[in-house]
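Listed here are the chains, written in short residue letters.
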Amino acid sequence: MSSIKKDATAQQNADAYWKDTLKLLWIVLALWAVVSYFAGIFFASALNNIYLAGYPLGFWFAQQGSIYAFVVLIFWYAKQMGKIDEKHDVHED
Amino acid sequence: MDDLKLMTYIAVGLSFALYIGVAIWARAGSTKDYYVAGGGVHPVVNGMATAADWMSAASFISMAGLISAMGYDGSVYLMGWTGGYVLLAVLLAPYLRKFGKFTVPEFIGDRYYSQTARIVAVVCLIFISFTYVAGQMRGVGIVFSRFLEVEITTGLIIGMGLVFFYAVLGGMKGITYTQVAQYVVLIFAYTIPAIFISLQLTGHLLPQTGLGADLANGQPFLARLNTVVTDLGFANYTTSSKSMIDIVAITFALMAGTAGLPHVIVRFFTVPKVRDARSSAGWALVFIAILYTTAPAVGAMARYNVIATVNTHVAQDKPLLAQEANLKAEDRPEWMKRWEKTGLLKWDDKNGDGLIQHYNDKSKNPEVLAKAEALGYKGNELTVDRDIMVLANPEVAQLPNWVIALVAAGGIAAALSTAAGLLLVISAAISHDLLKGVIAPNISEKSELMAGRAASAVAVLVAGYLGYNPPGFVAEVVAFAFGLACASLFPTILLGIFSKKMNTQGAIAGMLTGLIFTFCYILYFKGIFITPMAENIPANWLFGISPEGIGSVGAILNVVVALIVSRVTPACPDHIQHLVEDIRTPRGAGTAHAH
C-alpha cells in the first residue's frame, strides 16, 4: 500500500471524489427503486389502467420494463463514474 | 431409436464435444489462471460467461414455469434476479476488483483483519454454494432422464464427469471460455422455440412484443388469457394475488442474494480494470436480459397453449366451462403421453366420462364451482408440473424435433455452467482460504493448485450425492441459498466498503446473526432436514413475510447488529481505514495484489 498519499490535499481530493461517487450512487439506486419497486409493485395496479404496446403498464414494468431500465442504468452509471474518475484524476491509465 | 431421441443424442453429444474442446484449449497453468483466469478477461467475454454462470437450471427450466403458474406474482423472479446486477455494479464489483484478491472470504478476512471472519465467510460460502449446486445436478439428471431416457443416476454421473473434467483441469480459465460456449447454446435453445410460438400465436417475431400483441382473431393476447384463466376459476394473470410486503421482501432478497452470491462476485475478479468491472456487470445483464425478457412470453404462451390443448373452446371464443369443449382422453396428443410416463404430468378421469376437465376446483369464485358441478365435473383432472413448462413447450406447440433436441442441450448447458462456477468457488475457498490462508501459509503454488483440484474433485462427488438425494425440492433449496447470501455475505461486504469504521467484532456478529436468523426461519417453516415446526401459511409468518423473502429481514438484522456491536467494541485500526480508502479509488488496480 505504498501508493497511498497521506498529505492533506490528496486526502481532500479523495473525500471530494467519494462525495461525487456517493451522489451518483444515490441517484442510480433511486432510479433502480422507481422502475422496480414503485412502478412494478407499489403503483402497479394503478398503472395497469394505462396500456403500452398492448401491455397493462404496471405488469409491463414488472416483467419487461424494469429489466431494460436496469441495463441502461448500469451503462449510464459506468459512463458517469468514468467522468468522475477523470475529474478527480484517480482514473486508471 | 426414434427420430427425436437420435436428434437429442446428436445435439447433446455435439455440445459436449464443444465444451471439452474449449476446456482443453483453455486449461489453467498457474494459481492465477486457476482462480481468476489470469485476470485478463475482456469485459464483454466476462459478461457472457457471467450470464451463463448466473443462469442456472432454475432460470432455464423452472422460471418460465413459475411465471406461467403465478402470472404477475412471478415478477419477483424477473425483477429480483436482474435488479441484483445494479447492486453489484454500483455497490460491490468495482471495489472488490480494486481490492484485487482471489476469493470473497479473502476480502472479508483482510478487510476485517481477522482469520475468524474469514472462516465464518468460508462457512457461509460453502453452505450457499452446496445448496445451489445440488439443484443444478438435479436439473441435469431430469433432462437426461426425460430426453435421453436414461436413469437419473446415469445422467448425474455423466454430468459429474463432464464438470469434473473441465472445472478441475481448466479452473477459472477453462470455466470462463466453456461458459461462453454454454451461453451460446442455452440462449439459442431458449429463444428459438419462443420465437416460433410467438409467431404462431400473434405473428410477432419478438416474444417481447408478441406478449403484448393481438391474437389472429384481433383480441389482445393478455386480455384473452385473463378471460380464459378467470373463466376456469384461476386467479387473474396480470394482477397480484400475494400481499405487497411479501412481494417486496422476496424481490429484495433475490436482488441482494444475487449480489452476494460468491460465484457471481468472483467473475468480476477476472477483468483487467476497475472500469471493466463496472461495464462488465452491464454486459452480463444484457446477455441475461435476452433470456429474462423472453421468459414472460414463454410462461404466458405456454399457459395458454396447455389450456387450449385440452379445451377446444379457448381458440373459438365460446364458454370454456362446457362438456363439448373438453378434449377426449383418447385424442390427447403424444407429448402428454410422453410426460405422463415421467409422472410430471398427470391425468386422472375423476368422473369417468373419458373427457379431460381442466379448471380450478379450489376456486374462490363460487359461480365457477357451481357451474362445474352442474356439468358433472368431479374436480380438476389435469395437473402439469411447473418444472416441465419450458421443456415441454416446443412439443406443446408442435415444433420440429430439432427444436426439442436443442432445448434439451440448452437445459444441460444452463445446469453445467452454473455447477462448474459453484464448484470452483468451493474449491478456492478450501485450497486458498482454509489451506493457504489458515492451515499452511507456506504451501507452494504448485501444491496449492493440486489442493484446489483435489477439493473440486471432492466437491463434485458431494454435489452428485446431493443431486441424487436432494434435501428438499429444488425451489426450496434455492430459496435457502439466496436468503443466506442476502442475509450473510451481502451486508458484510457492503459495510466493509462503505463503512470505514466497521470492525471485526461488528462484522462477525452481523454475519452470524443474519445467517442463523435466516437459517432458522426457513427451517422452521420448510423443514428440509427436519419436520417443519409450523404450517407454512401467511397467518404464521413474521410480518407476513414468507421464507423466500425472509433474507431481507436477515440482512437488516445483520446491518443493525453490526453497527451496534462496532460502536461498543475497539475501533477499526488506522491501516484498515487506509485500506478501505484505497479500495474506493480505481487508480493502481493492476498492482493491488502484489503487497
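Just so it is clear, the structure is predicted and the values come from calculations on it, not from any experiment.

Description of the overall build of chain A
Right, on to step 1. If you tally the helices and strands in chain A, you get 3 helices and 2 strands.
Right, on to step 2. For chain A, the α and β elements follow one another from N to C terminus as α-α-β-β-α.
Right, on to step 3. What you see for chain A is a C-alpha radius of gyration of 19 Å, clearly larger than the 12 Å of a compact globule of 93 residues, by over 25%.
Right, on to step 4. Based on the C-alpha atoms only, the size of chain A along its principal axes is roughly 60 × 25 × 20 Å.
Right, on to step 5. The buried share of chain A, taken over its 93 residues, is 37%.
Right, on to step 6. Here the contacts in chain A between residues at least 6 apart in sequence split such that 50% fall between residues at least 24 apart.

Focus on the overall build of chain B
Right, on to step 1. Counting its regular elements, chain B contains 22 helices and 2 strands.
Right, on to step 2. In chain B, buried positions account for 59% of the 595 residues.
Right, on to step 3. Of all intrachain contacts in chain B linking residues separated by at least 6 positions in sequence, the fraction that spans at least 24 positions is 81%.

As for unusual backbone geometry
Residue and element names in this part refer to chain B.
Right, on to step 1. A positive phi angle is found at Tyr113, which is not glycine, with a value near 35 degrees.
Right, on to step 2. Its place among the elements puts Tyr113 in the loop between α6 (104-111) and α7 (115-147).
Right, on to step 3. You can call Tyr113 partly exposed: it has 16 C-beta atoms within 10 Å.
Right, on to step 4. Even without being glycine, Phe543 reaches a positive phi, approximately 55 degrees.
Right, on to step 5. Inspection of the secondary structure assignment puts Phe543 in the loop between α20 (504-526) and α21 (550-568).
Right, on to step 6. On the basis of neighbour count, Phe543 is assigned to the exposed category, with 11 C-beta atoms found within 10 Å.

Overview of the packing of helix α5 (residues 75-99) of chain B against helix α11 (residues 244-260) of chain B
Residue and element names in this part refer to chain B.
Right, on to step 1. Two elements in contact, α5 and α11, have axes whose closest approach is 7 Å; the angle formed by their N-to-C orientations is 45 degrees. Put simply, α5 runs oblique to α11. In this structure, α5 meets α11 at a crossing whose hand is right-handed. On α11, the residues touching Val76, Tyr77, Met79, Gly80, Trp81, Gly83, Gly84, Leu87, Leu88, Leu91 and Leu92 of α5 are Ile247, Ile250, Thr251, Leu254, Met255, Ala256, Thr258 and Ala259.
Right, on to step 2. Considered class by class, the residues forming the contact of α5 with α11 number 14 nonpolar, 5 polar and no charged.

Examining the domain arrangement of chain B
All names here are of chain B.
Right, on to step 1. Domain annotation of chain B identifies domain 1 (3-304 + 395-594) and domain 2 (306-394).
Right, on to step 2. Each of domain 1 and domain 2 was reduced to a C-alpha centroid, and the two centroids are 35 Å apart.
Right, on to step 3. Between domain 1 and domain 2, the residue contacts involve 30 residues of the former and 24 residues of the latter.
Right, on to step 4. The set of elements that each furnish at least two residues to the side of domain 1 that touches domain 2 consists of α4 (57-70), α8 (152-202), α10 (221-231), α13 (274-310), α16 (389-396) and α17 (401-439).

Looking at the interface of chain A and chain B
Right, on to step 1. Listed as interface residues are 39 residues of chain A and, on the opposing side, 46 residues of chain B.
Right, on to step 2. Listing elements by their share of the side of chain A that touches chain B, those giving two or more residues are α1 (8-42), β2 (55-56) and α3 (57-87) of chain A.
Right, on to step 3. With 16 residues, α3 of chain A is the single largest residue contributor to the side of chain A that touches chain B.
Right, on to step 4. Looking at the side of chain A that touches chain B residue by residue, the classes come out as 26 nonpolar, 11 polar and 2 charged.

Section: the nonpolar core
Right, on to step 1. In terms of nonpolar packing, the biggest core is built from 241 residues, with Ile74 of chain A together with Val163, Leu186 and Leu423 of chain B touching the most fellow members.
Right, on to step 2. Looking at which element gives the most residues to this core, the answer is α8 of chain B, with 22 residues.
Right, on to step 3. Looking at which domains feed residues into this core, each of domain 1 (3-304 + 395-594) and domain 2 (306-394) of chain B supplies at least three.
Right, on to step 4. With sequence-adjacent residues up to four places away left out, Ile74 of chain A is seen in contact with Tyr85, Val86, Ala89, Ala281, Gly282 and Leu285 of chain B.

Some details on α5 of chain B
All names here are of chain B.
Right, on to step 1. The end-to-end C-alpha separation of α5 is 35 Å, in line with the 36 Å expected for 25 residues at 1.5 Å each.
Right, on to step 2. For α5, the principal kink sits at Leu88 and spans about 55 degrees.
Right, on to step 3. Counting buried positions along α5 gives 25 out of 25 residues, so the element sits mostly inside the fold.
Right, on to step 4. Within two residues after α5, Gly100 carries a phi angle of roughly 70 degrees, on the positive side.

So, how was this worked out
- Residues numbered from 1 in each chain as written.
- Chains lettered and ligands numbered in written order.
- Predicted model: local features only at pLDDT ≥ 70, side-chain atom pairs only at ≥ 80, totals over all residues.
- Helix = DSSP H or I, 4+ residues; strand = E, 2+ residues; numbered from the N terminus.
- Rg over C-alpha atoms; globule rule 2.2 N^0.38 Å.
- Buried ≥ 20, exposed ≤ 12 C-beta atoms within 10 Å, placed from the backbone.
- Contact = placed C-beta atoms within 7 Å.
- Axes fitted to C-alpha atoms, helices over the stretch in contact; angles between N-to-C directions.
- Parallel < 35°, antiparallel > 145°, perpendicular 65-115°, else oblique.
- Left-handed = near helix turned anticlockwise from the far one by under 90°.
- Nonpolar A, V, L, I, M, F, W, Y, C, P; charged D, E, K, R; others polar.
- Domains from an automatic or database assignment.
- Core = buried A, V, L, I, M, F, W, Y, C linked by C-beta atoms within 7 Å.
- Expected span 1.5 Å × (residues − 1).
- Bend = angle between axes of the 7 residues up to and from the residue.

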